[in-house]
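# Summary of structural features
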Amino acid sequence: MENNVKTNEKYISPECIEQMLDIARSIRARFAQRNQHPVATVITYGCQQNENDSERIKGMLAEMGYGFTEDKAESDLILFNTCAVRENAEKKLFGNVGALKHYKQRKPSLKIIVCGCVVGQPHAERELKQKYPFVDLVFDTKSVYRFPLLLQRVLFSDERVFETGMADTVAEGIPVLHAKQSSAFVSVMYGCNNFCSYCIVPYVRGRERSRKPEYVVEEVRKLVENGCRDITLLGQNVNSYGKDLGDIDFTGLLEKLEVIEGDFLLRFMTSHPKDMSDRLIAHIAKSRHMPHHIHLPFQSGNDRILKAMNRGYTKADYLALIERIRTAMPDATLTSDIIVGFPTETYEEFLDTIDVVKKARFDTLFTFLYSKRIGTPAAVMEGQIPDDEKHRRFDELIAVQNEISKQINLSYVGRTVKVLADGTSKTDSSVMSGRTDANKVVDFTAPCDVKGKRCIVRITEAKTWSLFGEFVDFCS
Ligand code: 5AD
Ligand code: SF4
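Given the structure is predicted, the values throughout are model-derived calculations rather than measurements.

## A short note on the environment of Gln33
- Tracing the backbone shows Gln33 in helix 1 (residues 14-33).
- C-alpha of Gln33 to C-alpha of Ser277: the two residues are 244 residues apart in sequence and 56 Å apart in space.

## Describing the packing of aromatic side chains
- Counted according to the given criterion, the structure contains 14 aromatic pairs.
- With 5.0 Å between their ring centres and 35° between their planes, Phe298 and Tyr318 make a pair best called tilted. In this pair, Phe298 is assigned in the loop between strand 12 (293-295) and helix 11 (303-308) and Tyr318 in helix 12 (residues 315-328), connecting sequence segments 20 residues apart. Note on accessibility: Phe298 and Tyr318 belong to one class, buried.
- One aromatic cluster in this structure is built from Phe298, Tyr313, Tyr318 and Phe362.
- Between the NZ or CZ atom of Arg30 and the centre of the ring of Phe156, over which it lies, the distance is 3.8 Å.
- Positioned above the aromatic ring of Tyr11 is the side chain of Lys212, whose terminal nitrogen or guanidinium carbon lies 4.4 Å from the ring centre.

## Things to note about the site of ligand 1
- With respect to spatial proximity, the complete set of residues near ligand 1 consists of Val85, Arg86, Tyr198, Gln299, Asp337, Ile339, Phe368, Leu369, Tyr370, Ser371 and Arg373.
- Here a nitrogen atom of ligand 1 and a backbone polar atom of Tyr198 are 3.0 Å apart.
- A distance of 2.7 Å separates an oxygen atom of ligand 1 from a polar atom in the side chain of Gln299.
- Burial of ligand 1 by the surrounding chains reaches 85%, relative to a free accessible area of 400 Å².
- Breaking the shell around ligand 1 down by element, the ones donating at least two residues are strand 13 (333-340) and strand 14 (364-369).

About the criteria used
Residues numbered from 1 in each chain as written. Chains lettered and ligands numbered in written order. Predicted model: local features only at pLDDT ≥ 70, side-chain atom pairs only at ≥ 80, totals over all residues. Heavy atoms only, no water. Helix = DSSP H or I, 4+ residues; strand = E, 2+ residues; numbered from the N terminus. Phe/Tyr/Trp six-rings, centres within 6.5 Å; stacked < 30°, edge-to-face > 60°. Buried < 20%, exposed > 50% of the residue type's maximum accessible area, 1.4 Å probe, protein only. Lys NZ or Arg CZ within 6 Å of the ring centre and 35° of its normal. Near = heavy atom within 4 Å. Polar contact = N/O pair within 3.5 Å; in protein donor to acceptor, adjacent residues only side chain to side chain. Areas by Shrake-Rupley, 256 points an atom, 1.4 Å probe, with all protein chains shown as cover.

Set out below in structure tokens:
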């Protein structure tokens, strides 16, 4: 069977996907024959791409006859899908996997699986192989579509299976089990060619490859037909979409999606400042589906550090880009990612980052302490910054941003905003929770069940990270 599977082409053939689905159905039939009703626990750490991979893994597990549980003690299969972008996630994974040893002792038939970016790193794969003998299956992001085949080997031959480093491919037609009905992620491309000097992603997710536009359009159209109201297009650098296809770019893809009828929001992440075109900005400004929210990581405000990071733009370029966005969309909300304490960064250079934060006035910032990733150029640079200094800069940055976030949030009090209600508040189950078009979390009181609906909400109170309000009406 395995020899029939073509993996040396960029687009996996429909026959190959059909083979995978056949395997999945035969596993289901086998469980049914034995009157077994297996349940799985899928735990995901990391970015939206990882979430999206887990949705595909869950889709395949459902096809194989698995139900789902969060109770590990009850589970027949526990899968960790883990990120590798920062060292913490990796440490957490090994701690969590270690804790599963006892579950396996109590239930020897339990299958333990580790997948995701983390196992795309040779040292992590080696460690799992040598120090965690109770882990049954390990595969990286490039093998997600081969999951039924890999699991079959684990289930019915009792061998340990490790598969990493397959070709960079695009697989269509895998069943997806979306975590929510009202919102969904849709990957438009995989991999990254940018090789920012601190980042592990190009090594673990491979080179950029785009999905053909017709598949993306079809997936979005179906989601909208099924009631999905908030769709986020995913790619490590969506601005590179289509470079490998030749006749379309990201704006071209958005133009195809623009004509889909229905009341839904279309978001995207992540954009790279060096490739964000004026054509894309103009399209977002006039789109009927796209909120005026842009996530635009800048990582550092200092030109020397940006060069060392291999980012391909300067502080002035970035601020000019923000200016162009604000001119085209005066109501735009901006968010960004920043790395604090990149090797050799001086305190004065860090102050350039603070300067950009003050000038750009982001709604929210995702701030990270630089984390050494084995195999990246920055990991072997001289001048690594001590942890306590990184923490000091981090705290200083957070204090500046918190003040800005609070001021921005306070400006919402008394205004009405559109909110897609997608659940209840984390702290009070009688209070609804949702996101504004600009992706801000709003908790609000409502007199009836509003879950999955777009509502008009009046903001009554603002805190640094959240808004509170009351339901006014449904959006027409
Ligand atoms: N250390 C800290 N942060 C990192 N990121 C990526 N690699 C690293 C690293 N080695 C951050 C960047 C990126 C976000 C997803 O994660 O800010 O935009
Ligand atoms: Fe990593 Fe840079 Fe690619 Fe983003 S653009 S995934 S930071 S290499």
